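As a plain string of letters, each chain reads:
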Amino acid sequence: MMSVFEAARVIARRDFVATVYSRTFIIFLVLPLVIFGAIMLTGQVLDDRDSSTPRVAVVADSATVSALAAARERLAAATSEHSFPRLTAVDPAENVDIQARQLLADHETGYSAVFSGTLERPVLTGPRKIEETTGRRLALIVEDAARTTALAAAGRPTAPVPISRVVTEQAAGNLQMVRQDIARTIQGIIFAITVMLATLLLSNLAEEKTSKVIEVLAASVPLDSVFLGKLLAMLGISFVGLALWGGVIGLAYLFFQAVQDFVTLPQVGPAVGWPAFVLLVLFYYGANYMLLGALFLGIGAQATNLREIQTLTMPITLLQAGVFFLALAAVGSPGGALTWFAYIFPFSSSLVMIAFAAENTALWPHVPAMVWQVVWIFLVIRLSSRLFRKTALKSQSADSFFAILRRRRT
Amino acid sequence: MHGGLAIEAKGLVKSFDGKEAVRGIDVAVPEGTIYGILGPNGAGKTTTLRMLLGIIEPDAGRRSLLGHERPLEAARIVGYLPEERGLYPAMTTREAIAFMGALRGLPLETGRKRAEILLRDNGLGDYVDKPIKSLSKGMAQTIQLFGTIVHKPKLVVLDEPFSGLDAINQGRLEHLIRDEAEAGTTVIFSTHVIHHAERLCERIAIIADGRIRFEGLVAEARDRLRPQVRLRTRNEDGLWRQALPGDARVEGGFWLFELPRGGIEPILKALLDGGAGIEELSIERPGLHDAFVAIAGESAAREMVANEQADLGEAA
């Protein structure tokens, strides 16, 4: 008899090759890149779009218009172009109230509000919610314009106060923010990959069920090796995906860097340093996948047909989302019951430990965390493979969740 | 060739949802034989084979496969074609056969080479790189059978191998089974089609309702019934009729009766002396179907015929 690992290798190889050469895998590979590209493009487009910034018509004399325009310029330069509404000068008509309503009704110009009056007695015409957003920012512009005009009239023109800069390597607050961003990004990527892998794993299981190969496998090799083989194949597939995505993103980065300063990588790395961080991420990613994958395979084997497998996809994705949000909540958290729960709960532990590696220099806590993960991987694989063995072979297992449901219904 | 036992099972019992599917089955399959398990659908044939192969565990009883108490330990030298055929649709025929060999420990490259030879020798050389999904059902079944024997097993277990096959593929399969047996492989197959067992098997087990009703040589099964005498005479009446057995009946112009223990000679003498005018006289050995009816009962036999007809319809 072949050993469990030897047989698992045969199964894993078949699943790996079958998946890598399938259309589903191409979607699996391309979709995240398309989504990533779309997000980047959308961000770029939104940045460039004028329409993303509210437009305000300024119905006032030329001095007021100039003062407001100058004030806006100053404030936008200090913050960002999109922080303040765009101002457009409109010559006042005889009845400014009627003119304001007409301007707001004109879909072509698309004004969000109309400013009229003077700097001393400004009037803002527009819907109520404008007060909450554009109104407050316009008030800042008016205030700045009025102050600058008053100081100029008093012969004390304003000038920017030069600030002497003392450059340090880092600031704790900034460092923490960047590291938390790194943690959240990695957690997000791992979440996205495991969601896709769970779908792949279940569709693979569906193929097994519909093609009825499982009996051939069960007669040849121990079912534990079928279980392990499938799990390892998907892990291998995910690493292919990671390598490919990493390669494409890396090349894209180098390309855009060469063309123009498109993206800048954060100067700050994770607390444990990049090499240790990469190794830890690989371990925790593998552990996270093995835990969730084993669970899904065990649950997926309960289903007797494709429809039932599809039914399982939703709760499984919800479970993953729950784990992901739990892990997100623990990032940057000073402690508390929820954080500790996230550290201890085996399905969120690996994601939270990635955040820990990003935020803390200490390496020793990873030792017990890894042991904890390995113990749980062992337990979940044992449990799930038992479940798999019990139900995978039967087309109508009496013990499966769905069979119990069917019996209850009848 | 016929040394030890390839399969030995005693008192195998299996229940599903509290219902006994197999009720204490004993099987002994000598090495190098073609062994048939006959019975209607639902008789317990598949469950028995699955237990023998270790796919499912019996609730009671013990079994040994090529000397191994744990059947998976003999996996490398066993081939199995399940009733529910299973192949990955996207795999090519060569890869499918090689993969099935790899599951039994055959290196993939050797498996590929042997797959090519098997396909070519059986006139399927053009299908080497064709995906399984492009094949007919019968051809896919043949591919799976090649996958079952590619690692040159000592024991081949086939569950309803003729099911769903047309006459040409059934003939091809019979040929393959004989070839395997000639090469020294033990072949055990289940079927609900009696004439396959009759043509191929040396030994059979008849299963009905989860129990073995007969286990032994095909000849022994047939010998359970006396040979049938068919007689046609020119003259209908005469003293010679007193020499016929009491249960003799007329069907289609023939007298039919079991050959008496004392032989045919006394009847023959009476026929000649009584001027019966013998037109036709034959002594026929009973077929396996008759033996099956006698052993398993009329209802099991009717079920077998119904299964067989359904099968023919499916193949057509």
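This is a predicted model, so every value here is computed, not measured.

### What about the sheet that holds strand β12 (residues 254-258) of chain B?
Residue and element names in this part refer to chain B. What the four strands build is an open sheet, ordered β11-β12-β10-β13; its pairing is antiparallel. If you trace the sheet from one side to the other, it starts and ends with β11 (249-251) and β13 (278-284), each paired once. Going across the sheet, the axis of each strand differs from the next one's by a mean of 25 degrees, ignoring polarity. Across four bridges, the pairing between strand β10 (residues 228-233) and β12 is antiparallel. Its bridge partner being in β12, Val229 is matched across the sheet by Phe257.

### Focus: the domain arrangement of chain B
How large an interface is tends to be reported as the accessible area lost when its parts come together. Per the domain assignment, the segments making up chain B are domain 1 (5-222) and domain 2 (226-284). Spacing between the C-alpha centres of domain 1 of chain B and domain 2 of chain B amounts to 45 Å.

### Concerning the interface of chain A and chain B
Contacts between the two partners involve 19 residues from chain A and, on the opposite side, 23 residues from chain B. Looking at the side of chain A that touches chain B, the elements that each hand over two or more residues are α1 (4-20) and α7 (214-220) of chain A. Per-element tally for the side of chain A that touches chain B: the top contributor is α7 of chain A, with seven residues. The residue makeup of the side of chain A that touches chain B, split by class, is 14 nonpolar, two polar and three charged.

### Here's the deal with the confidence of the model for chain B
All names here are of chain B. With 95% of its residues at a pLDDT of 70 or more, chain B has an overall mean of 88. Averaged pLDDT values for the elements of chain B fall to 68 in helix α10 (residues 298-315) and rise to 96 in helix α2 (residues 93-102). The ipTM value of the predicted complex is 0.79, and its pTM value is 0.73.

### Some thoughts on the environment of Phe16 of chain A
Residues and elements named next belong to chain A. Relative to the helices and strands, Phe16 is located in helix α1. On the basis of neighbour count, Phe16 is assigned to the buried category, with 20 C-beta atoms found within 10 Å. Separated by 59 residues in sequence, Phe16 and Leu75 have C-alpha atoms that sit 57 Å apart. Beyond its immediate stretch of four places on either side in the chain, Phe16 contacts Ala233, Gly236 and Ile237.

### Quick notes on the packing of helix α11 (residues 337-344) of chain A against helix α12 (residues 346-359) of chain A
Residue and element names in this part refer to chain A. Relative orientation of the contacting elements α11 and α12 amounts to 105 degrees, with a least axis distance of 5 Å. Taken together, the axes of α11 and α12 lie roughly perpendicular to each other. Across the interface between the two elements, Ala342, Tyr343 and Ile344 of α11 pack against Ser348, Ser349 and Val352 of α12. For the contact of α11 with α12, the residue count by class is four nonpolar, two polar and no charged.

### Here we look at the domain arrangement of chain A
When its domains are assigned, chain A resolves into domain 1 (54-153) and domain 2 (174-409). Here the C-alpha centre of domain 2 of chain A lies 52 Å away from the C-alpha centre of domain 1 of chain A.

### Side note on the sheet that holds strand β2 (residues 19-30) of chain B
All names here are of chain B. Spatial strand order, β2-β1-β4: three strands in an open sheet with antiparallel pairing. The open sheet has two edge strands with one neighbour each: β2 and β4 (60-65). Within the sheet, the average angular offset between the axes of one strand and its neighbour, ignoring direction, is 15 degrees. Note that strand β1 (residues 5-16) and β2 share nine bridges and pair antiparallel. Residue pairing across strands places Ser15 opposite Glu20, the latter belonging to β2.

### Details of the environment of Gly274 of chain B
Residues and elements named next belong to chain B. In this fold, Gly274 is placed in the loop between α8 (265-273) and β13. Note: C-alpha distance between Gly274 and Asn235 (39 residues apart in sequence) is 9.8 Å. For Gly274, the residues in contact, after removing those within four places along its chain, are Gly238, Leu239 and Trp240.

### Thoughts on the pairing of β1 of chain B
Residues and elements named next belong to chain B. Joining the antiparallel neighbours β1 and β2 is a turn of two residues, in which Asp17 adopts a positive phi near 50 degrees. In this sheet, β4 lies alongside β1 in antiparallel orientation, the contact comprising five bridges. Its bridge partner lying in β4, Lys10 is registered against Arg62.

Conventions used here
Throughout this description, residue numbers start from 1 for each chain and increase along the sequence as written. Written order decides the labels, with chains lettered from A and ligands numbered from 1. Whole-chain, interface and lining totals are the exception, using all residues; otherwise, since this is a predicted model, local features are given only for residues with pLDDT of at least 70 and side-chain atom pairs are given and counted only at 80 or more. For two strands to be treated as a pair, DSSP must find at least two bridges joining them. Runs of H or I in DSSP of at least four residues are treated as helices and runs of E of at least two as strands, each being numbered from the N terminus. Helix axes are fitted to C-alpha atoms over the stretch in contact, other axes to C-alpha atoms as well, and angles between N-to-C directions run from 0 to 180 degrees. Where each domain starts and ends comes from a domain assignment, either automatic or drawn from a database. Each residue gets a C-beta atom placed from its backbone, and two residues are in contact if those atoms lie within 7 Å. Note that Gly is not counted as nonpolar here; it falls among the polar residues with everything else outside the nonpolar set of Ala, Val, Leu, Ile, Met, Phe, Trp, Tyr, Cys and Pro and the charged set of Asp, Glu, Lys and Arg. pLDDT measures the predictor's confidence residue by residue and takes values from 0 up to 100. With C-beta atoms placed from the backbone, the exposure class of a residue follows from how many other C-beta atoms lie within 10 Å of its own: 20 or more, buried; 12 or fewer, exposed; in between, partly exposed. Roughly parallel means an angle under 35 degrees; roughly antiparallel, over 145; roughly perpendicular, 65 to 115; everything else is oblique.

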